[in-house]
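Chain by chain, the residues run as shown.
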Amino acid sequence: MDNQQSIRPHPKPLRESVNLSDRTLASLLLAPTVAVLLALTIYPLIYSIKISFQGQDGNWTLENFVRMASDRFFISALAHTFVYAAVALTFEFLIGLALALLLNTHIRGRGLFRALLLLPMMLPAVVVGVVWRLMLNSNFGAVNGTLKSIGVNTDALTWTASPVLAMASVIAADVWQWTPFMFLILLAGLQAIPQEPYEAALIDGSSAWQTFIHVTLPLLKPAILIALLLRTMDLLRVFDQIFILTEGGPGFATETASLYIYRTAFRFSNFGYAAAMSFVLLAVTNIISIGYLRVLQTKEA
Amino acid sequence: MRRRRRSHIGLRAAALVAALVFALCAAGCRRGVSGGKALTIAINSGVEGDALRQAAKDYEQQTGVHINIAEFPYANLFEKELIDLNARTGAYDLIMLDDPWFPKFVSQDVLTDLGPLLQKHGRTAPDDDFVAASIALCRDPFRTAGLFALPYVGNSQLFFYRKDLFAKYNLKEPATWDDVLSAAKTISAQETNGAPGGGKVYGYVMRAAQGNAAVADFMPIFWAFGGEMFDANRQPTVNSAEGIAALKFMLELGKYSPPGYASFNADEVGAHLLQGTAAMSINWPAWISSFSDPAKSKVTGKIAFGQMPSAKNPGSAEIGNWLISIPRDARNPEAAMDFLLWMTSSEQMKSSAKRGNPPTRRSVFNDSQLVATFPSYPAQLKSLETSRPRPRTPLWNEIENAFGIYLSKANSGELSAEDAMNQANAEIARIITRGK
């Protein structure tokens, strides 16, 4: 045994004993992380770029990208994704802003309200999907049950089974779950605004509405843009809730791009086409995000 | 100084224990892999898994061969198996597959031809006790050539109806789809407050959620009306006059189905029958045990099982069997074949049947003890023997998806029957052209 060495009273630090510079040590310690990152993200990314340019037979081709232009399913899935994202974003922003303004004042029990409001966001999207699916069941669900008990004829309210209502239903579930996120960021933004501009506005005799438009909104702009940016990215890739709630139905009415990409890859085993569609979705998301960032930067400058 | 010394000894002791544990584990794990005394089977998690776990224990006791069971939910099983088999990992010695997946696996050449393995057991073909319709699924091309699987669970659709309501309105067991429609009209009109919890009883309940659900409920109508998915040249013919008439009939029957059925899956159909809010439906036999369970059912003893109604053609149910195959890259195909023959023997299939898996052997369907427990067995055997498979093509998942979307569009009122079938036909033709 090497007793002599290991029970030496003051072992030198590793760096001293092998004489490493700070820089070398840092890169040495980072190496495992970098290796894992390379293996888990960079390699799959390069691989998916490669297969998006390959046909089912493995030859190099552009057919995956050409096919998208004439794929009615993909085009309508993309359209559904935009409708979903735009409507959900609008509602989440307006309701989130209203709640943030309300709970930024000194009303009683606002701590409790804040805590309650955050609950939906904590739930996994799959759970939200299941809960809403049960609530919206047209025959046994809580929503129609409640409406029936107050005398509403619910025969036409087949939430997930008619094209327009189904889209409204999946959007409602998203608004329910993610408005708290909007609220949280906007509330943080509101609380970061200093008191002085408000005092100045008060002295100038500005009305509440004028104060909101000319003081609150401009100062809140960075928070608004960050919240919109994060939600837009999430909305464009929505998958779990819709998959559970409607599975894209009825008749493709709520099929989003992510669902169609999933089916293409894992049901139809066409990974190349799925990868190509993913990159198009990624490009769209990036373009929109860059738009937000531009606005953010110009305002700050 | 002392303190430091002691802590070093402690560290060493800990390292020693860790090393020992690691060594033991490594030895243990190695025994499982390289001893050749273990097989791994990938299966669907559910009643199929419950039955197999017990069988695996018995098999290990008898032969010393340990069976590892890898269970996956239905939604992931197909992709998991296909990716593993294509990557040639050899991770599985046996796989369970739903019969519509079979043509895809065979076309990718990832399954073992069981013929030569069977010959080592002195047989040229599986024994005649297997239901012919089930064995036909395991051959490629269909029914005629090489054997690439054995059937383990023999599901086929059944027609369910409320015998109490049929007796009340003096209706006979429906023999044709027209009988079904007129019975649905009568019951919907009369039973406006006849459900156990109050409320209406719908004459019929069907499911038309896009994808598998809509297609599964439509196929028996489509076939009975004389529809065929493909012609002799493998070109789609769903928009034939027969096909359109069948979809029109489905939409007519849908008027007597609970509102919202365009988003229903098997669960909603089962729930309506169990709650007593619907009088007829097509469903899989897995629901039968719930019908007689008072904890789940408000209609115990009131549901009868009939044969699939006919129209222009005799009625046929859709078959849905679980098959077991040996992957081409299985590490030990002979040991896998031994287990496969053992688990599909009539004795083992009987114990699997007791746990709720319909068999694929006539002797097990006819077993008097089992018939006493499962009174639906004679009806199930008849349904299985006259069943039809989903069209056999490696592109079935994609075709079924497209077909299901248009059926669902028709049932949700977005498209007329003609438009839905024409658009479905065009889409299926595109899928086939692309797949060539």
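Residues numbered from 1 in each chain as written. Chains lettered and ligands numbered in written order. Predicted model: local features only at pLDDT ≥ 70, side-chain atom pairs only at ≥ 80, totals over all residues.

### Brief notes about the overall build of chain B
- From N to C terminus, chain B includes 19 helices and 10 strands.
- Taking contacts inside chain B between residues at least 6 apart in sequence as the whole, the part at least 24 apart equals 73%. (Helix = DSSP H or I, 4+ residues; strand = E, 2+ residues; numbered from the N terminus. Contact = placed C-beta atoms within 7 Å.)

### Thoughts on the sheet that holds strand β8 (residues 280–283) of chain B
All names here are of chain B.
- Ordered by their spatial adjacency, 3 strands build an open sheet running β8-β7-β9, and the pairing between neighbours is antiparallel. Among the strands making up the open sheet, the edge pair consists of β8 and β9 (303–306). Going across the sheet, the axis of each strand differs from the next one's by a mean of 30°, ignoring polarity.
- Of the pairings in the sheet, the one linking strand β7 (residues 158–162) to β8 comprises 4 bridges and is antiparallel in character. (Pairing = 2+ DSSP bridges. Axes fitted to C-alpha atoms, helices over the stretch in contact; angles between N-to-C directions.)

### Describing the interface of chain A and chain B
- Tallying the contact residues gives 24 residues for chain A and 26 residues for chain B.
- When residues of the side of chain A that touches chain B are assigned to their parent elements, the largest contribution, 3 residues, is made by helix α13 (residues 257–267) of chain A.
- Classifying every residue of the side of chain A that touches chain B by side-chain character gives 9 nonpolar, 11 polar and 4 charged. (Nonpolar A, V, L, I, M, F, W, Y, C, P; charged D, E, K, R; others polar.)

### So, the sheet that holds strand β1 (residues 38–44) of chain B
All names here are of chain B.
- Spatially, β2-β1-β3-β10-β6 is the arrangement adopted by the 5 strands of the open sheet, whose pairing is mixed. In the strand order of this sheet, the two ends are held by β2 (66–72) and β6 (150–156), each with one partner. On average, adjacent strands in this sheet sit at an angle of 15° to one another, irrespective of strand direction.
- In this structure, β1 lies alongside β2, joined through 7 bridges in parallel fashion. Within β2, the position partnered with Ala42 by the bridge is Ala70.
- This element, helix α3 (residues 74–86), spans β1, β2 and β3 (94–98) of the sheet and lies at about 130° to β1.

### What to know about unusual backbone geometry
- Put simply, Gly249 of chain A and Pro250 of chain A share a cis peptide bond, and its omega is -10°.
- Structurally, the position occupied by Pro250 of chain A is in the loop between α12 (240–245) and α13.
- The peptide bond linking Asp140 of chain B to Pro141 of chain B adopts the cis configuration, its omega dihedral lying at -5°.
- Residue placement: Pro141 of chain B occurs in the loop between β4 (139–140) and β5 (146–147).
- With a phi angle near 55°, Glu247 of chain A is a residue other than glycine that sits in the positive phi range.

### Some thoughts on the domain arrangement of chain B
Residue and element names in this part refer to chain B.
- Here the domain parsing of chain B yields domain 1 (36–148 + 320–385) and domain 2 (158–318 + 391–435).
- Its C-alpha centre places domain 1 at a distance of 29 Å from the equivalent point of domain 2.
- Taken together, the contact between domain 1 and domain 2 spans 13 residues of the former and 14 residues of the latter.
- Mapped by element, the contributors of at least two residues to the side of domain 1 that touches domain 2 are α4 (102–107) and α17 (377–385).
- With 4 residues, α17 is the largest single contributor of residues to the side of domain 1 that touches domain 2. (Domains from an automatic or database assignment.)

### Some remarks on the pairing of β3 of chain B
All names here are of chain B.
- Taking burial as the measure, the 5 residues of β3 include 4 buried ones, the bulk of the element.
- Strand direction decides the pairing type here: β1 and β3, joined by 2 bridges, are parallel. Bridging from a neighbouring strand, Ile41 pairs with Leu94 of β3.
- Here β3 runs beside strand β10 (residues 319–325); their pairing, made up of 4 bridges, is antiparallel. (Buried ≥ 20, exposed ≤ 12 C-beta atoms within 10 Å, placed from the backbone.)

### Quick look at the nonpolar core
- Of all hydrophobic cores here, the largest spans 174 residues; its most connected members are Leu186 of chain A together with Leu94, Tyr204 and Leu323 of chain B.
- Sort the elements by how many residues they give to this core and helix α9 (residues 163–191) of chain A lands first, with 12 residues.
- The contacts of Tyr204 of chain B, once residues within four sequence positions are left out, are Val180, Ala184, Leu253, Tyr256, Ser257, Ala278, Ala279, Met280 and Ser281 of chain B. (Core = buried A, V, L, I, M, F, W, Y, C linked by C-beta atoms within 7 Å.)

### What about the confidence of the model for chain A?
- Per-residue pLDDT for chain A averages 88, and the proportion of residues at 70 or more is 93%.
- Here helix α1 (residues 3–6) of chain A stands out as the element of chain A with the lowest mean pLDDT, 49, in contrast to helix α5 (residues 72–103) of chain A, whose mean of 95 is the highest. (pLDDT = per-residue confidence, 0-100.)

### As for the packing of helix α9 (residues 212–224) of chain B against helix α18 (residues 396–411) of chain B
Residue and element names in this part refer to chain B.
- Here α9 crosses α18 at 80°, and the two axes come no closer than 7 Å. The orientation of α9 with respect to α18, classified from their angle, is roughly perpendicular. Contacts from Asn212, Ala214, Val215 and Phe218 in α9 reach Glu400, Phe403, Gly404, Leu407, Ser408 and Asn411 in α18.
- When the residues that make up the contact of α9 with α18 are grouped by side-chain class, the tally is 5 nonpolar, 4 polar and 1 charged. (Parallel < 35°, antiparallel > 145°, perpendicular 65-115°, else oblique.)

### What to know about the packing of helix α10 (residues 241–254) of chain B against helix α19 (residues 417–435) of chain B
Residues and elements named next belong to chain B.
- The N-to-C vectors of α10 and α19 enclose an angle of 130°; their axes lie 9 Å apart at closest approach. It follows that α10 is oblique to α19 by the angle criterion. The crossing of α10 and α19 is right-handed. Residue-level inspection shows Gly243, Ile244, Leu247, Lys248 and Leu251 of α10 in contact with α19, the latter providing Ala417, Glu418, Ala420 and Met421. (Left-handed = near helix turned anticlockwise from the far one by under 90°.)

### Things to note about the environment of Ile95 of chain B
All names here are of chain B.
- Take Ile95: it is sitting in strand β3.
- For Ile95, a count of 29 C-beta atoms within 10 Å translates into the label buried.
- The spatial distance from the C-alpha of Ile95 to the C-alpha of Leu117 is 16 Å, given a sequence separation of 22 residues.
- With near-sequence residues (within four places) excluded, Ile95 lies in contact with Ala42, Glu81, Ser325 and Pro327.

### So, helix α11 (residues 208–236) of chain A
- Relative to the 42 Å expected for 29 residues at 1.5 Å per residue, α11 of chain A spans just 36 Å between its end C-alpha atoms, considerably shorter than the ideal helical length.
- Burial in α11 of chain A covers these residues: Thr216, Leu220, Ala223, Ile224, Ala227, Arg231, Leu235 and Leu236 of chain A. (Expected span 1.5 Å × (residues − 1).)

### Regarding the confidence of the model for chain B
Residue and element names in this part refer to chain B.
- Averaged over chain B, the pLDDT score is 89; the fraction of residues at 70 or greater is 92%.
- When the criterion is pLDDT under 50, residues 1–35 qualifies, and its contacts beyond four places in sequence or with other chains add up to 7 contacts.
- As scored by the predictor, the complex reaches a pTM of 0.85 and an ipTM of 0.81.

### Let's talk about the environment of Ala245 of chain B
Residue and element names in this part refer to chain B.
- Within the fold, Ala245 resides in helix α10.
- Classification of Ala245 as partly exposed rests on a count of 19 C-beta atoms within 10 Å.
- A C-alpha to C-alpha distance of 8.5 Å links Ala245 and Phe222, two positions 23 residues apart in sequence.

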